[in-house]
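# Descriptive analysis of the structure
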Amino acid sequence: MARSPERAIRIRASPDWRTLTSTTTAPASSASPAKRRPPRSSGGGLGRYIIVRALLIIPTVFILVTLVFVLMRSTGDPITAKLGGQLPADQLAERIHAAGYDRPIIVQYLEYLGQIATGNFGTTLTDNRPVTEILVTYGAATLELAFYALIVAFVVGIPFGLIAAYFRDKGQDASLRVFAILCYATPVFFSGLLLKLVFSVWLGWLPVSGRASVGAQLQMELLPNKTGLYTIDAIMTGNPAVLGDVLAHAVLPAIALGLLTAGVFLRLVRTNVIGTLSTDYVDAARSRGVSEYRLVRKHAYRPALIPIITVIGLQIALLLGGAVLTETTFEWKGLGFMLSEYLQARDFVAVQGIVALLAVIVALTNFIVDIIAALIDPRVRY
């Protein structure tokens, strides 16, 4: 077999061919590992990530407000929708002109954006109240209900998800998966009516509707600096009976709305715990004799919570949407309840203001969740 001239020369030039091979195969331009620079992050740091996410709030709210304005105006002006057929044509036209609804739609839209930028959401047509007053008065009730519902979702969804993962493909797992499907597939108004029938009508354990009894509301109204959050106001009264009354009224609405999100959390926790239990470090712990219960509780629990945090923003939007039906079912006078009332009254000014505030809440919640996820999840790059 013939050798190449170059290889033959190299072999004759070195008495030790092993040394020659090791020196000739190494690339001349390769750097020592100790001298290698760490790769730079492709992002611009956490500060840049926060700024970008914060700036995305503006177009999100702008798009939602624009869609609401266009949809509301697609059926005509608010005065015609409210009073059409109740007034003569000349009086109706006079009111439309006085309110400025006979101007071009683009002029009305730009004026509406200017009002929102200054915090002025207009005045309701039904009761002639500033929309900002309605947002402040009833927004606290919706916030309180959403908070209670999240507690129910965490208390139910996370432990049941861990149990389903622990008993994977067994009877307990199958039962919990069916329960999760029922939770997020059952309409919230139906589950609310069912809860009222069982726990209020048949058993008589809990109140049927409302946020508090008349006596408790009178005591909270006497507070000099009431917040509108009945739980805090009840604590400020110093009367345990008032606090118990407020919490009793919140149980059924919180369960009806919280189970809607609990089903999603249950499936997420189950899926992620099962995925974590199949990783290499869990297999190594299992080979050392660690029990399955300890693996689920110590090794797979925390990684399974990361997806929960990342979807909380979407679930807040789901909760706010479900709050409309929940508040209507239980006569929980929050933004959802008032939104249904103003929709029935065809008060488009109030509807636009309430939906605009809900859009801001959803956008801010997603922003906060994105920041938290970036801080705790190493897979997020910024």
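Each value, and the rule that gives it
Residues numbered from 1 in each chain as written. Predicted model: local features only at pLDDT ≥ 70, side-chain atom pairs only at ≥ 80, totals over all residues. Heavy atoms only, no water. pLDDT = per-residue confidence, 0-100. Contact = heavy atoms within 4.5 Å. Core = buried A, V, L, I, M, F, W, Y, C linked by side-chain atoms within 4.5 Å. Buried < 20%, exposed > 50% of the residue type's maximum accessible area, 1.4 Å probe, protein only. Helix = DSSP H or I, 4+ residues; strand = E, 2+ residues; numbered from the N terminus. Salt bridge = Lys/Arg side-chain N within 4 Å of Asp/Glu carboxyl O. Arc of directions from axis to C-beta. Phe/Tyr/Trp six-rings, centres within 6.5 Å; stacked < 30°, edge-to-face > 60°. Lys NZ or Arg CZ within 6 Å of the ring centre and 35° of its normal. UniProt positions renumbered as here; feature names shortened; annotations may be inferred.

## Details of the confidence of the model for the protein chain
- With 85% of its residues at a pLDDT of at least 70, the protein chain reaches an overall mean of 79.
- Note on residues 38-43: pLDDT is under 50 here. Beyond four places in sequence and across chains, it has three contacts.

## A look at the nonpolar core
- Judged by nonpolar contacts, the single largest core of 78 residues is most densely connected at Leu 257, Val 273, Leu 277, Tyr 342 and Ile 354.
- In terms of residues, this core owes the most to one element, helix α7 (residues 131-166), which gives 15 residues.
- Once residues lying within four places of it in the same chain are set aside, the contact partners of Leu 277 are Val 282, Asp 283, Arg 286, Leu 295, Val 296 and Ala 300.
- In this structure, Ala 212, Ala 216, Met 220 and Tyr 230 belong to the second largest nonpolar core, which totals seven residues.

## Let's talk about the pattern of salt bridges
- Here the structure, examined in full by the defined rule, presents eight salt bridges.
- For Glu 133, the salt bridge is made with Arg 129, and the minimal N-O distance between the two is 3.4 Å.
- Look at Glu 133 and you get partly exposed, because its relative accessible area is 38%.
- In this structure, a network of salt bridges that share partners links the residues Asp 127, Arg 129 and Glu 133.

## Examining helix α11 (residues 230-237)
- Taken as a whole, α11 has its buried residues at Tyr 230, Thr 231, Asp 233 and Ala 234. Across the axial projection of α11, the buried residues extend over an arc of 165°, all falling on one side.
- The elements touched by buried residues of α11 are α7, α10 (214-221) and α12 (240-277).
- Looking one or two residues past α11, Gly 238 carries a phi angle of roughly 75°, positive in sign.

## Things to note about the side chain of Asp 173
- Tracing the sequence through the fold places Asp 173 in helix α8 (residues 171-185).
- Here Asp 173 falls in the buried class, since its relative accessible area comes to 0%.
- Asp 173 has contacts with Ala 164, Phe 167, Arg 168 and Arg 270, leaving out every residue within four places of it along the chain.

## Describing the packing of aromatic side chains
- This structure, assessed with the given rule, holds seven aromatic pairs.
- Geometrically, the ring pair formed by Phe 147 and Tyr 148 is tilted, given 6.2 Å between the ring centres and 55° between the ring planes.
- An aromatic cluster is present here, built from Phe 69, Tyr 109 and Tyr 112 joined pairwise through their rings.
- Taking NZ or CZ as reference, Lys 196 lies 5.7 Å from the ring centre of Phe 330, over its face.

## Some points on the UniProt feature "transmembrane region" (unreviewed entry) in the protein chain
- The UniProt entry lists residues 50-72, 145-167, 179-205, 246-269, 304-325 and 348-376 under the feature "transmembrane region" (unreviewed entry), expressed in the numbering used here.
- The annotated region residues 179-205 carries 81% helix and 0% strand content, and the separation between its end C-alpha atoms amounts to 24 Å.
- The distance separating the terminal C-alpha atoms of residues 246-269 is 32 Å; by composition the span is 100% helix and 0% strand.

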